[in-house]
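# A structural walkthrough
Here's the letter readout for the chains.
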Amino acid sequence: MTQLEELLADWIPRQRWFAGKGAPIDTLRVEGDHPLLGGEPGLRVLVVAIGQRGTVSRYQVLLGLRPAGTLPEELAHAAIGVCDLGFGEPRAVYDAAHDPELTELLLERLAEGPGTPPAAGGGEPVRFRRLPGATVRTGLRSLVLKGEQSNTSLVYGEDYVLKAFRRLWPGVNPDLALTAALAGSPYVARPYAWIETDISTGTRADADGTAGAGGTGGRPPTTSTTLAMLQEYMRSATDGWVLAATSVRDLYATPELPPGEAGGDFAGEAERLGAATAAVHRALARELPTDVLTPAALRELAGAMMDRLHLATSEVPELHPYVGVLRTAYEAFARVDEPLPIQRVHGDYHLGQVVRTDSGWVLLDFEGEPATPVADRQRPSSPLRDVAGMLRSFDYAARYQLVGSSRAPELAPAARAWAQRNREAFSAGYAFGGGVDPEKHQTVLRAFEYDKAVYEVLYEAHHRPSWLRIPLDSIAALAA
Ligand SMILES: Nc1ncnc2c1ncn2[C@@H]1O[C@H](COP(=O)(O)OP(=O)(O)O)[C@@H](O)[C@H]1O
Ligand SMILES: O=P(O)(O)O[C@H]1O[C@H](CO)[C@@H](O[C@H]2O[C@H](CO)[C@@H](O)[C@H](O)[C@H]2O)[C@H](O)[C@H]1O
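This one's a predicted model, so the numbers in the text were calculated from it and none came from an experiment.

## What about the site of ligand 2?
Taken together, 16 residues are adjacent to ligand 2, and Ser150, Asp348, Ser393, Tyr455 and Glu456 come closest. A distance of 2.6 Å separates an oxygen atom of ligand 2 from a polar side-chain atom of Tyr455. The separation between an oxygen atom of ligand 2 and a polar side-chain atom of Tyr459 is 2.9 Å. Isolated, ligand 2 exposes 540 Å² of accessible area, and the fraction of that covered by the protein chains is 97%. Looking at the shell around ligand 2, the elements with two or more residues in it are α9 (384-399) and α11 (442-463). The element contributing the most residues to the shell around ligand 2 is α11, with three residues. Split into classes, the residues belonging to the shell around ligand 2 amount to six nonpolar, five polar and five charged. Taken domain by domain, the makeup of the shell around ligand 2 includes at least three residues from each of domain 1 (3-232) and domain 2 (238-479).

## Considerations on the UniProt feature "domain: Maltokinase N-terminal cap" (unreviewed entry) in the protein
Here the UniProt-annotated "domain: Maltokinase N-terminal cap" (unreviewed entry) positions come out as residues 11-99. Overall, residues 11-99 shows 1% helix and 51% strand. The separation of its end C-alpha atoms is 18 Å.

## Side note on the nonpolar core
Of all hydrophobic cores here, the largest spans 71 residues; its most connected members are Tyr252, Tyr330, Phe333, Phe394, Trp418 and Phe426. Split by domain, this core shows at least three residues from each of two domains, domain 1 (3-232) and domain 2 (238-479). Apart from the residues within four sequence positions on either side, Phe333 is in contact with Leu298, Leu301, Ala302, Met305, Leu340, Thr443, Val444, Ala447 and Phe448. Counting residues in each nonpolar core, the second largest holds 38 residues, with Val45, Leu105, Ala193 and Ile195 among its members.

## Some words on the pattern of salt bridges
As enumerated under the stated definition, the model contains 32 salt bridges in all. Close ionic contact of Glu196 with Arg127 constitutes a salt bridge, the shortest N to O distance being 3.0 Å. With Glu196 in strand β11 (residues 191-200) and Arg127 in strand β6 (residues 126-130), this residue pair connects regions lying 69 residues apart in the sequence. Both residues of the pair, Glu196 and Arg127, count as buried. For Asp451, the salt bridge goes to Arg308, with nearest N and O atoms at 3.0 Å. With a gap of 143 residues between them, Asp451 in helix α11 and Arg308 in helix α6 (residues 295-315) connect regions that are remote in the sequence. For Arg308, a relative accessible area of 18% translates into the label buried. Each of Arg308, Asp348, Glu369, Arg385, Asp451 and Lys452 takes part in salt bridges that share partners, so that together they form one network.

## Focus on empty space enclosed by the protein
A probe matching the size of a water molecule, rolled over the atoms, marks out where space remains unfilled. This structure, assessed with the given rule, holds three cavities of 30 Å³ or more. Put simply, the largest cavity is a space of about 80 Å³. Of all elements in the fold, only α9 and α11 reach the threshold of two or more residues within the lining of the largest cavity. Per element, the largest residue contribution to the lining of the largest cavity is four residues, and it comes from α9. In terms of residue class, the lining of the largest cavity is built from three nonpolar, two polar and seven charged. Considering only enclosed or pocket space, the second largest cavity measures out at about 60 Å³ in volume. Lining the second largest cavity, in full, are Leu36, Val45, Gln60, Leu62, Leu106, Val126, Phe128, Leu162, Ala164, Ile195, Leu227 and Ala228.

Reading guide: rules and limits
- Going along each chain's sequence as written, the residues are numbered from 1 onward.
- The naming scheme follows written order: chains are lettered A onward, ligands numbered 1 onward.
- Only residues with pLDDT of at least 70 are given local features in this predicted model, and only at 80 or more are side-chain atom pairs given and counted; all residues enter the totals for whole chains, interfaces and linings.
- Side-chain calculation: all heavy atoms of the structure are included, whereas hydrogens and water are not.
- We call a residue near a molecule or strand whenever a single non-hydrogen atom of that residue lies within 4 Å of it.
- Counted as a polar contact is a pair of N or O atoms within 3.5 Å, where, for protein atoms, one must be capable of donating a hydrogen and the other of accepting one, and residues adjacent in sequence contribute only when both atoms are in side chains.
- Accessible surface is estimated by sampling points in the Shrake-Rupley manner with a 1.4 Å probe; for residues, cover comes only from the protein chains shown.
- Numbering goes from the N terminus for both helices and strands, where a helix is a DSSP run of H or I of at least four residues and a strand is a run of E of at least two.
- All amino acids are sorted into three groups, where Ala, Val, Leu, Ile, Met, Phe, Trp, Tyr, Cys and Pro are nonpolar, Asp, Glu, Lys and Arg are charged, and the leftover types, Gly among them, are polar.
- Start and end positions for the domains come from either an automated domain assignment or a database one.
- UniProt positions are given in the numbering used here, feature names are shortened, and annotations may be inferred rather than shown by experiment.
- To define a nonpolar core, start from buried Ala, Val, Leu, Ile, Met, Phe, Trp, Tyr and Cys residues and group those joined through side-chain atoms within 4.5 Å.
- Each residue is assigned to one of three classes by its accessible area relative to the maximum for its type, calculated with a 1.4 Å probe on protein chains only: buried under 20%, partly exposed between the two thresholds, exposed over 50%.
- Contact definition: two residues touch when any of their heavy atoms are within 4.5 Å.
- One side-chain nitrogen of Lys or Arg within 4 Å of one carboxyl oxygen of Asp or Glu is enough to make a salt bridge.
- The distinction between a cavity and a pocket rests on a 1 Å grid over the protein atoms alone: a 1.4 Å probe fits inside a cavity but cannot get out, while a pocket stays open yet meets protein on both sides within 12 Å along at least five of seven lines, and a residue with an atom within 4 Å of a point counts as lining.
- Grid points are joined across faces, edges and corners, and a volume is the space filled by probe spheres set on the points.

Given below as structure tokens:
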């Protein structure tokens with residue numbers, strides 16, 4: 001490993017967006033190193049291939065460079081380390097997402113868009129593209145959005161969000177593909193532009209550590225891949241999770257009242273959110289291919305749910321007592337004998353993916369589950385999968401304030417009542433907005449809810465162990 005790779009091997013596993021937290025890093029290689037700015041400070045786009053348990057995953061790092069010892073105090077938290085990059089003098093390297101002096105350049109290049117070099121289709125290793133008819137204002141300073149999760153989002157002024165995808169999967173990111181298909185809808189933030197590069201499609205970590213060569217002998221095949229997407233910043237927006245959490249907090253102040261009578265009832269919002277969700281599903285079905293799941297495909301999907309359950313149980317043994325109940329639910333799902341319509345869906349739908357603006361709900365982040373291979377996320381699925389995701393989120397919102405609280409036994413009935421009330425309101429809004437009535441598809445809905453809760457068990461085990469009890473308790477309650 002080079003000095004830079006050694007530093008990255010120490011820094012990347014500590015980042016929230018690193019998806020490989022359950023396993024040690026076996027190999028790490030900077031597979032792409034593309035300078036965007038050569039001066040002081042300098043900016044490079046890195047594609048870092050990380051091998052874990054025989055499989056390679058790729059991550060984007062926006063690398064800032066300054067002479068060692070000159071990293072300003074306000075960038076100290078973004079430091080990766082100091083290393084020799086062949087300049088004669090050592091360089092301080094850091095996460096450039098936090099340096100507005102550098103991120104300004106990304107906005108300028110996006111504003112130039114296609115038509116200026118690099119020309120469409122190639123030439124330049126990092127390409128800046130604009131959607132037809134979109135103009136981008138420059139000269140805005142960026143700030144990293146708080147609550148960084150699977151990706152890193154920068155807000156420019158009050159105008160744009162640039163979402164830098166951290167884990168890179170070959171091809172167009174579903175967030176860009178779906179947001180572009182929905183452009184013009186009042187329920188999505190308008191997309192403007194994106195950044196792309198070519199990454200290797202190899203997924204096998206070679207024994208000698210040359211991650212990603214894929215065993216082809218020569219140059220590995222590459223695919224044009226989305227690095228970042230620029231879209232409208234919903235400035236008047238409040239996160240759905242924050243709104244729901246406030247409502248739950250109000251209820252816990254007067255837990256003896258039914259949720260509809262406590263201050264800050266969320267049911268009206270939940271109903272409107274259900275209707276907005278149905279409208280987006282209808283628009284996706286209009287714009288992108290749809291199909292009906294064959295019985296064989298249904299069985300295959302139930303099998304994939306079982307596989308996920310086995311994987312999660314091997315990592316989190318507390319799931320063991322529920323395997324029988326979950327298997328029964330998946331088997332019932334496999335036997336559903338009515339046609340199950342499928343289409344492109346959100347894929348990782350929860351309260352943190354929706355914001356309430358002055359004019360209504362807006363859906364964000366159509367990337368799907370970040371840990372699921374992109375080829376699976378690009379497959380059409382039942383819209384009830386998104387419904388199940390949001391119902392799980394109501395359950396989370398109701399439960400998370402009870403984690404570690406001495407008032408948990410006293411508040412548990414209020415938590416159940418809140419989740420149930422908003423579940424019903426969301427489902428009614430979804431049916432009213434032109435979606436199927438979720439209440440009439442219990443077998444399908446229940447299988448998707450279980451599958452999502454199992455995904456959450458793995459997610460929490462890797463990212464937030466103190467919240468692991470939330471999906472485990474939900475599974476126990478669903479199975480009771
Ligand atoms: N266009 C936007 N306008 C306003 N807030 C946004 C926008 N995009 C993202 N956010 C905020 O940033 C948070 C994380 O964004 P998201 O796209 O879900 O990133 P991640 O993939 O890292 O979860 C969202 O919950 C939302 O609060
Ligand atoms: O928003 P991301 O695409 O990064 O999604 C991942 O992280 C989410 C947590 O931030 C996680 O969502 C889970 O926790 C939420 C509360 O924080 C809850 O509302 C969701 O229902 C629950 O699934 C999501 O699963 C994960 O993919």
